[in-house]
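Next come the chains, spelled out residue by residue.
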Amino acid sequence: MASSPNPKRVGLLGGSFNPAHSGHLHISRLALELLRLDQVWWLVSPQNPMKPTRDMAPFDTRMQQASSVAAAEPRIHVSDLEKRLGTQYTADTLPMVKARFGSLRFVWVMGADNLAQIHRWRRWTRIFRTVPVAVFDRPTYSFRAMSGVAARRFSKHRIDRARAASLADRQPPAWVFLSAAFDTASATAIREENSSLRSGVPDHRA
């Protein structure tokens, strides 16, 4: 790993990274700063079960592209851990990661868009009971996320933003919502733009 050889606090950011973009980099840097993390690991999913396979780039391509984006921040480590573990669902991945790296303290990092629909994920409550969770604001999603099933279910375990730096040291369930300057980049928009460039047809939907 390019950063500290003996990390203690690690943020886990999962997804298809199809492709990785400035938004992933931005949220990772915010997590490193606000949560006082030593590293953030990007867990590139072989196939996100919530995403269609039709527009999914090959796994090796997504890994290489993510590594290129992450090169701007040496404390980010791009990992194929889910592929090596043979897991597809976050609820299965997190306990195995904790068991394999028992000396580390992990935080699951995600955007408000994921909080809004995490109750549709397989065994979603297990995620909150396995590691602390940090949720970052995303435009247009925050109200729905904070009034949604997961936020209500674990409302008593939400900590104040002022205590965010202690999140990695807390026993789950524990979570925090962080409203900070956001990056509007989206993987879907990037794929659509690249598709338009390849076809030579301008995209007027932006």
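The structure this text deals with has already been given above.
Everything in this summary refers to the structure shown in the same document. If you're wondering where the values come from, they're calculated on a predicted model, not measured in any experiment.

Definitions and cut-offs
Residues numbered from 1 in each chain as written. Predicted model: local features only at pLDDT ≥ 70, side-chain atom pairs only at ≥ 80, totals over all residues. Heavy atoms only, no water. Helix = DSSP H or I, 4+ residues; strand = E, 2+ residues; numbered from the N terminus. Buried < 20%, exposed > 50% of the residue type's maximum accessible area, 1.4 Å probe, protein only. Arc of directions from axis to C-beta. Contact = heavy atoms within 4.5 Å. Pairing = 2+ DSSP bridges. Axes fitted to C-alpha atoms, helices over the stretch in contact; angles between N-to-C directions. Salt bridge = Lys/Arg side-chain N within 4 Å of Asp/Glu carboxyl O.

Moving on, we come to the environment of Asp137. As for its placement among the helices and strands, Asp137 is situated in the loop between β5 (133-136) and α7 (142-146). Separated by 25 residues in the primary sequence, Asp137 and Ala112 place their C-alpha atoms 5.2 Å from one another.

Side chains of residues three or four places apart in an α-helix project in the same direction, reflecting 3.6 residues per turn. Taken as a whole, helix α4 (residues 90-100) has its buried residues at Thr90, Ala91, Thr93, Leu94 and Val97. All buried residues of α4 project into a common sector of 160° when viewed along the axis, lining one side. In this structure, the buried side of α4 is in contact with β1 (9-15), β2 (39-44), α3 (81-85), β4 (105-111) and α6 (124-130).

Turning our eyes to something else, we now look at the sheet that holds β2. Working definition: the strands of a sheet are paired by backbone hydrogen bonds and lie parallel or antiparallel to each other. In spatial order, the strands read β3-β2-β1-β4-β5-β6; together these six strands make up an open sheet with parallel pairing. Each end of this open sheet is capped by a strand with a single partner; those strands are β3 (76-79) and β6 (175-178). Looking at each pair of strands side by side, their axes are set apart by 25° on average, direction ignored. In this sheet, β6 lies alongside β5 in parallel orientation, the contact comprising four bridges. Opposite Ala134, over in β6, you have Val176 as the bridge partner. Packed on one face of the sheet, helix α1 (residues 22-34) meets β1, β2, β3, β4, β5 and β6 and runs near 145° to β2. Lying on the sheet, α4 is in contact with β1, β2 and β4; it crosses β4 at an angle near 155°.

It is worth spelling out the pattern of salt bridges at this point. Summed over all chains, the structure comprises nine salt bridges. The salt bridge involving Asp169 is made with Arg9; its shortest N-O contact spans 2.0 Å. Here Asp169 is found in the loop between α8 (149-153) and β6, whereas its partner Arg9 is found in strand β1, with 160 residues between them in sequence. For Asp169, a relative accessible area of 39% corresponds to the partly exposed category. Among the salt bridges present, the one from Asp92 reaches Arg126, with a minimum N-O distance of 3.5 Å. Highlighted residues: Asp92 in helix α4 and Arg126 in helix α6, separated in sequence by 34 residues. Overall, the relative accessible area of 27% leaves Arg126 in the partly exposed class.

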